[in-house]
Amino acid sequence: MKNMTLERMAQACKGIYRGREEDRAKEITEITTDSRKARPGCLFAAIKGERADGHDFIPSVFEKEALCVISEHELPQMRGNYIQVESTLEALKALAKYYLEQLQIPVVGITGSVGKTSTKEMVWAVLSQKYRTLKTLGNFNNELGLPLTVFRLRDEDEMAVLEMGISNFGEMHRLAEIAKPDTCIITNIGACHLEFLGDRDGVLRAKSEIFDFLKEDGHVILNGDDDKLSEIQEVKGIRPVFFGLDGENQIYADHIRKRGLKGISCRIHGSGLSFDVKIPMPGLHMVYNALAGTAAGLVYGLSPEEIRRGIESLQPVSGRFHIIETEHFTIIDDCYNANPASMKASLEVLQDGVERKVAVLGDMGELGPEEKELHRQVGEYAGTLALDLCVCTGPLCASLAEGIRSSNPSMEVVCFPQLQELLKQLPGLLQEKDTILVKASHFMHFEKVVEKLTCI
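Residues numbered from 1 in each chain as written. Predicted model: local features only at pLDDT ≥ 70, side-chain atom pairs only at ≥ 80, totals over all residues. Heavy atoms only, no water.

Novice: Explain the overall build of the chain residue by residue, including any values.
Specialist: Each helix and strand in the chain was counted, giving 15 helices and 20 strands. The C-alpha radius of gyration of the chain comes to 24 Å, within 12% of the 23 Å expected for a compact globule of 456 residues. Its C-alpha atoms give the chain principal-axis dimensions of roughly 75 × 55 × 40 Å. When the 456 residues of the chain are sorted by exposure, 57% land in the buried category. (Helix = DSSP H or I, 4+ residues; strand = E, 2+ residues; numbered from the N terminus. Rg over C-alpha atoms; globule rule 2.2 N^0.38 Å. Buried < 20%, exposed > 50% of the residue type's maximum accessible area, 1.4 Å probe, protein only.)

Novice: Which residues make up the UniProt feature "binding site: ATP" (unreviewed entry) in the chain, and what are the values?
Specialist: Residues given the UniProt feature "binding site: ATP" (unreviewed entry) here are Gly-112, Ser-113, Val-114, Gly-115, Lys-116, Thr-117 and Ser-118. Inspection of the secondary structure puts Lys-116 in helix α4 (residues 116-127). In contact with Lys-116, other than residues within four places in its own chain, are Ile-110, Thr-111, Asn-141, Glu-163, Met-164, Gly-165, Thr-187 and Lys-207. Within polar-contact distance, the side chain of Lys-116 engages the backbone oxygen of Gly-112 at 3.1 Å. Here Thr-117 lies in helix α4. When sequence neighbours within four positions are dropped, the list of residues in contact with Thr-117 reads Glu-163 and Arg-320. (UniProt positions renumbered as here; feature names shortened; annotations may be inferred. Contact = heavy atoms within 4.5 Å. Polar contact = N/O pair within 3.5 Å; in protein donor to acceptor, adjacent residues only side chain to side chain.)

Novice: Help me get a handle on the nonpolar core, residues and values and all.
Specialist: Core analysis: the largest hydrophobic core is formed by 120 residues, its most contacted members being Met-4, Phe-151, Ile-268, Ile-279, Ile-311 and Leu-347. Counting residues in hydrophobic clusters, the runner-up holds 23 residues, among them Ile-324, Val-414, Leu-430 and Phe-446. (Core = buried A, V, L, I, M, F, W, Y, C linked by side-chain atoms within 4.5 Å.)

Novice: Go over the pairing of strand β19 (residues 412-416) with me, naming the residues and quoting the values.
Specialist: The sheet contact formed by strand β18 (residues 389-393) and β19 spans 5 bridges and is parallel. Counterpart to Thr-393 in the pairing with β19 is Phe-416. With respect to chirality, the unit in which β18 leads through helix α13 (residues 397-407) into the neighbouring parallel β19 is right-handed. (Pairing = 2+ DSSP bridges. Right-handed = clockwise from strand over helix to strand, strands pointing away.)

Novice: Please give an account of the state of the cysteines that cites residues and values.
Specialist: Summed over the entire model, instances satisfying the criterion amount to 0 disulfides. Cys-397 forms no disulfide, and the closest cysteine sulfur to it belongs to Cys-392, at a distance of 4.9 Å. (Disulfide = S-S within 2.5 Å.)

Novice: Account for the UniProt feature "domain: Mur ligase N-terminal catalytic" (unreviewed entry) in the chain, naming residues and giving values.
Specialist: In this structure's numbering, the residues bearing the UniProt feature "domain: Mur ligase N-terminal catalytic" (unreviewed entry) are residues 27-98. The straight-line gap between the two end C-alpha atoms of residues 27-98 is 14 Å; of that span, 24% is helix and 18% is strand.

Novice: Summarise the sheet that holds strand β20 (residues 435-439); cite the residues concerned and give the values.
Specialist: A sheet is described by the order of its strands in space; here 6 strands give the open sequence β15-β16-β20-β17-β18-β19, paired in mixed fashion. In the strand order of this sheet, the two ends are held by β15 (322-325) and β19, each with one partner. Averaged over all pairs of adjacent strands, the angle between their axes in this sheet comes to 15 degrees, without regard to strand direction. In this sheet, strand β16 (residues 330-334) lies alongside β15 in antiparallel orientation, the contact comprising 4 bridges. By the bridge assignment, Ile-324 is partnered in β16 with Ile-331. Each of β17 (357-362), β18 and β19 is contacted by α13, which is oriented at about 155 degrees to β18, the strand it contacts most. Strands β15, β16, β17 and β20 of the sheet are contacted by helix α15 (residues 447-454), whose axis makes an angle of about 155 degrees with β20. (Axes fitted to C-alpha atoms, helices over the stretch in contact; angles between N-to-C directions.)

Novice: Pulling in residues and values, what's your account of the pattern of salt bridges?
Specialist: For the structure shown, the criterion picks out 26 salt bridges. Between Glu-143 and Arg-174 there is a salt bridge; the shortest N-O distance is 2.9 Å. With a gap of 31 residues between them, Glu-143 in the loop between β7 (133-135) and α5 (145-150) and Arg-174 in helix α6 (residues 171-179) connect regions that are remote in the sequence. You can call Glu-143 buried: its relative accessible area is 16%. (Salt bridge = Lys/Arg side-chain N within 4 Å of Asp/Glu carboxyl O.)

Novice: An account of a positive patch on the surface is needed here, citing residue identities and associated values.
Specialist: A contiguous patch of positive charge, built from Arg-257, Arg-259, Lys-262 and Lys-278, is present on the exposed surface. Among the secondary structure elements, Lys-262 is positioned in the loop between β12 (251-258) and β13 (264-270). On the accessibility criterion, Lys-262 (65% relative accessible area) is exposed. (Patch = residues over 30% accessible without salt bridge, like charges linked within 9 Å, V, L, I, M, F, W, Y side chains within 5 Å. Areas by Shrake-Rupley, 256 points an atom, 1.4 Å probe, with all protein chains shown as cover. Lys, Arg positive; Asp, Glu negative; His and termini not counted. Charge placed at Lys NZ, Arg CZ, Asp CG, Glu CD.)

Novice: Can you break down α6 residue by residue, with the values?
Specialist: Of all the positions in α6, only Glu-171, Met-172, Leu-175, Ala-176, Ile-178 and Ala-179 are classed as buried. Along α6, the residues classed as buried sweep out an arc of 155 degrees about the axis, all on the same side. Following α6 by one or two positions, Lys-180 has its phi on the positive side, about 40 degrees. (Arc of directions from axis to C-beta.)

Novice: Describe helix α9 (residues 284-299), with residues and values.
Specialist: Along its 16 residues, α9 runs 23 Å from first to last C-alpha, staying within 8% of the 22 Å computed at 1.5 Å per residue. Among the 16 residues in α9, 12 count as buried, and that is most of the element. (Expected span 1.5 Å × (residues − 1).)

Novice: Help me get a handle on the packing of aromatic side chains, residues and values and all.
Specialist: All chains considered together, the criterion is met by 0 aromatic pairs. Its guanidinium or amino end placed over the ring of Trp-124, Lys-135 lies 4.1 Å from that ring's centre, counting from NZ or CZ. Over the aromatic face of Tyr-381 sits the side chain of Lys-344, whose NZ or CZ is 5.9 Å from the ring centroid. (Phe/Tyr/Trp six-rings, centres within 6.5 Å; stacked < 30°, edge-to-face > 60°. Lys NZ or Arg CZ within 6 Å of the ring centre and 35° of its normal.)

Here you go:
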């Protein structure tokens, strides 16, 4: 890893190097927080988690010939090299910031209430048509995940597309200090994390912290159809590029045509270009993602053909509107997370299913004191759609079921208080060739529902 010698790392994270003098100038090969992945030449960062303390695994890491360890404790009995710090997490953040500065590659930072991951995937698919581009994997988008993503970069990488997720004020500021984005993309401002952020204005303030470390010659790409984001006219003297369905945006789409669960097509316009594209995933939200990808592609000099090719190469991510075809069902696996806006968007796409349409829904988290009302509103919206069955699980989803019944008394609604009861009873509620949406916040563990359905 470029310039990541033990001595320079100790300086960067303000730690104390304790080890062999002849090893000070050696570069590490990689950084891991998983002792099982420790290899010769690596650095192991001992993190104290909820279930285990990484410090307990330091002896086994040295047995695997790790070059160095980051530890919050003195290790007088250990013969290996280590850097002693007050906080391993803070040390990792400092090292990630330092490492990115050594690489000096463009960084695209992506945040928003809904669609961060799918937008990240789209932007990566587009930019990868011209550049060797690294992207955030899985949910590595927080104050631990972002540094671990940065550490995956290598000299041959030409760009980084980093997803940045938060739930409280100040978190985005700290993430932005690490990433120092050249380009900031915000997908939208929705009703999420209201338990900590209060309202959508609070969400806007928290997300806007991404601009705190925006480069002077950077770029800002915003959803111009979002009423909060459209009010941003300037960031550090930089005029945003707006995208959306409204033709007043610099990058916009029209001629939108649904293609069922196979995707959606549209014509994209902006900056003197116009091209038709088939997006391989369904839902109007995917058009917005394609527009964000187009804007990023134009910023970094891609041709319309390269942008179109990138959009059409998009692949689904497990748990993020991943469509699974089994012998008996079509499953829409969207169980990674949920908030009111994403729940409504997924329910709308479910209508594109060919056969009987079933929604299996669970609680949405971190919605604050209005959580029951927000669940009820989602239910009222679901009641307006052409769904055949809604199966609800969790105490909050009882309010969602009430909302469905109030807006559409004829829709079939079944409620289960616990996940285990749902897993037991769900097969008996389904019919051959059903299209089934599985959607809930991550803490509901609805991946078990997807697993159950794929085994039927």
